[in-house]
Amino acid sequence: MSLYERFYRRPIITFIVLIASGLTFGAMTVNIFRLFAANWNFILTYGLLALREGALTQTMELLITGMLSMVFFLLFKFCEKILIDRISSYTFSLTRIANKKKT
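Everything numeric here is computed off the predicted structure, so don't read it as measured data. (Residues numbered from 1 in each chain as written. Predicted model: local features only at pLDDT ≥ 70, side-chain atom pairs only at ≥ 80, totals over all residues. Heavy atoms only, no water.)

1. Considerations on the pattern of salt bridges
Here is the rule: Take a side-chain nitrogen of Lys or Arg and a carboxyl oxygen of Asp or Glu: if they are within 4 Å of each other, that pair is a salt bridge. In this text, helices come from DSSP runs of H or I with a minimum length of four residues, and strands from runs of E with a minimum of two, each type numbered from the N-terminal end. Burial classes: relative accessible area under 20% of the type maximum marks a residue as buried, over 50% as exposed, and values in between as partly exposed (1.4 Å probe, protein chains only).
Enumeration over the complete set of coordinates arrives at two salt bridges. Note that K77 is salt-bridged to E80, the shortest N-O span being 2.8 Å. Pair noted here: K77 and E80 are both in helix α4 (residues 55-88), with a separation of three residues, about one helical turn. K77 gets classed as partly exposed once you look at its relative accessible area, which sits at 38%. One salt bridge connects D85 with K81, and the closest N-O pair in it is separated by 2.8 Å. Taken as a pair, D85 and K81 lie in helix α4 at a separation of four residues, close to a single helical turn. Residue K81 is classed as partly exposed on the basis of its relative accessible area, which comes to 48%.

2. With respect to the side chain of T59
Heads up, the condition is: Distance and chemistry together define a polar contact, namely a pair of N or O atoms within 3.5 Å, with one atom able to donate a hydrogen and the other to accept it when in protein, and with adjacent residues in sequence counting only for side-chain atoms on both sides. Any pair of residues with heavy atoms lying within 4.5 Å of one another is described as a contacting pair.
In this fold, T59 is placed in helix α4. Given the relative accessible area of 7%, T59 is considered buried. In this structure the side chain of T59 is engaged in a polar contact, spanning 2.5 Å, whose partner is the side chain of N39. The contact partners of T59, leaving out residues within four places of it in the chain, are F36, N39, W40 and I43.

Now the structure itself:
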């Protein structure tokens, strides 16, 4: 059984994972932009001294955090696709609904 099928059969768990990964991605993204801006401002202000104090290391850590943030985004999109596929697999006929109301 593929991962897609496992999530497809459990829509509640898929929805919970969607919410958690979306919130995590959002929180990490906001934090990354703020830290990148402060880090680059530090490097531009102090130059080589900033690099010796660890600004380059922090930049690498921020890049790794950005990659992890993208993993959460991909997980969000994966769950979104499963839920959309699940919702769109139901066929709703307006005439059938109207006929049920008449009887």
